[in-house]
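This is what each chain is made of:
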Amino acid sequence: MKKARYHHGDLRAALIEAARLLVEQNGAERLTMSDASRAAGVSTAAPYRYFHDKDALLDAVALEGLERQRQAMLQAGAAHPLGSEAAVSAIGHAYIDFATAERGVFKLMFSQTRTHGRSPELLQKGKETFGVLLSQLAHREGGAPNDPPIRTRGLRLWTFVHGLSFLLIDDKVSAMEIPLDLSEMVADATRRFLQDS
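Now for a quick tour of the structure.

What counts, and where the lines are drawn
- Residues numbered from 1 in each chain as written.
- Predicted model: local features only at pLDDT ≥ 70, side-chain atom pairs only at ≥ 80, totals over all residues.
- Heavy atoms only, no water.
- Helix = DSSP H or I, 4+ residues; strand = E, 2+ residues; numbered from the N terminus.
- Expected span 1.5 Å × (residues − 1).
- Buried < 20%, exposed > 50% of the residue type's maximum accessible area, 1.4 Å probe, protein only.
- Arc of directions from axis to C-beta.
- 1 Å grid on protein atoms, 1.4 Å probe; cavity = no way out; pocket = protein on both sides within 12 Å on 5 of 7 lines; lining within 4 Å.
- Points joined across faces, edges and corners; volume = space filled by probe spheres on them.
- Nonpolar A, V, L, I, M, F, W, Y, C, P; charged D, E, K, R; others polar.
- Axes fitted to C-alpha atoms, helices over the stretch in contact; angles between N-to-C directions.
- Parallel < 35°, antiparallel > 145°, perpendicular 65-115°, else oblique.
- Left-handed = near helix turned anticlockwise from the far one by under 90°.
- Contact = heavy atoms within 4.5 Å.

**Regarding helix 7 (residues 148–169)**
So, point 1. In this model, helix 7 (22 residues) spans 31 Å end to end at C-alpha, consistent with the 32 Å of a helix rising 1.5 Å per residue.
So, point 2. All of the buried residues along helix 7 are Ile-150, Arg-153, Gly-154, Leu-157, Val-161, His-162, Leu-164, Ser-165, Leu-168 and Ile-169. Around the axis of helix 7, the buried residues are gathered within 165° of arc, so they sit on the same side. With respect to the buried face of helix 7, the exposed residues turned more than 90 degrees away are Pro-148 and Pro-149.

What follows is the structure, given as structure tokens:
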């Protein structure tokens with residue numbers, strides 16, 4: 001594996017990137033602090049300046065992944081009128097695109113390390129990512145992102161793209177030999193969820 005490159009003072013970012021690449025290559029369960037150190041080209045003691053153990057490093061990889069997914073969703077939605085069906089559909093497509101492009105990180109983002117479920121940062125970032133969709137729905141429906149009906153509709157849409165993401169990254173769709181036009185499926189599901197009152 002190609003070693004991560006970093007400048008002085010950017011060791012933390014280099015370790016996160018090295019760990020991300022290892023997670024994609026081998027899975028989160030096989031990551032070790034020693035492997036991350038070697039991939040980043042630093043001593044085995046270096047990661048402990050920033051991460052007290054493997055779980056803390058994995059949480060940092062998950063946090064960074066959530067932020068990149070959030071940015072991809074924001075960018076996709078911004079290409080269309082705010083609150084439009086096209087914007088909501090694009091956000092869903094961006095969610096799935098991230099999952100299929102970074103399967104290991106996506107799985108890590110929704111797994112549980114010993115500390116994952118207790119991380120306020122991960123919880124907050126997850127809310128911010130979901131908030132990208134809720135903001136579009138709130139504008140569309142003339143409400144607020146925290147209104148229960150909007151959150152419920154958002155959950156339905158999230159459930160669809162999240163479930164489809166896992167079916168795709170686990171190769172279940174291809175294994176069942178089901179023809180799939182992903183763009184049409186996401187657009188159709190979005191249309192149905194938005195029309196369902």
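**So, the layout of surface pockets**
So, point 1. When its volume is computed, the largest pocket comes out at roughly 580 Å³.
So, point 2. In this structure, the largest pocket is lined by 33 residues; those nearest its centre are Phe-110, Gly-126, Lys-127, Phe-130 and Trp-158.
So, point 3. Put simply, the parts of the chain that give the lining of the largest pocket at least two residues each are helix 3 (54–78), helix 4 (85–101), helix 6 (120–141), helix 7 and helix 9 (182–195).
So, point 4. Among the elements that take part in the lining of the largest pocket, helix 6 stands out by supplying nine residues, more than any other.
So, point 5. Here the residues of the lining of the largest pocket are counted per class, giving 20 nonpolar, eleven polar and two charged.

**Regarding the packing of helix 4 against helix 9**
So, point 1. The contact between helix 4 and helix 9 brings their axes to 9 Å, and the two run at 130°. Between helix 4 and helix 9, the angle is such that the two are oblique. Judged by the sense of rotation from one axis to the other, the crossing of helix 4 with helix 9 is right-handed. Residues Glu-85, Val-88, Ser-89, Gly-92, His-93 and Ile-96 of helix 4 pack against Leu-182, Ser-183, Val-186, Ala-187, Thr-190, Arg-191 and Leu-194 of helix 9.
So, point 2. Here the residues of the contact of helix 4 with helix 9 are counted per class, giving six nonpolar, five polar and two charged.

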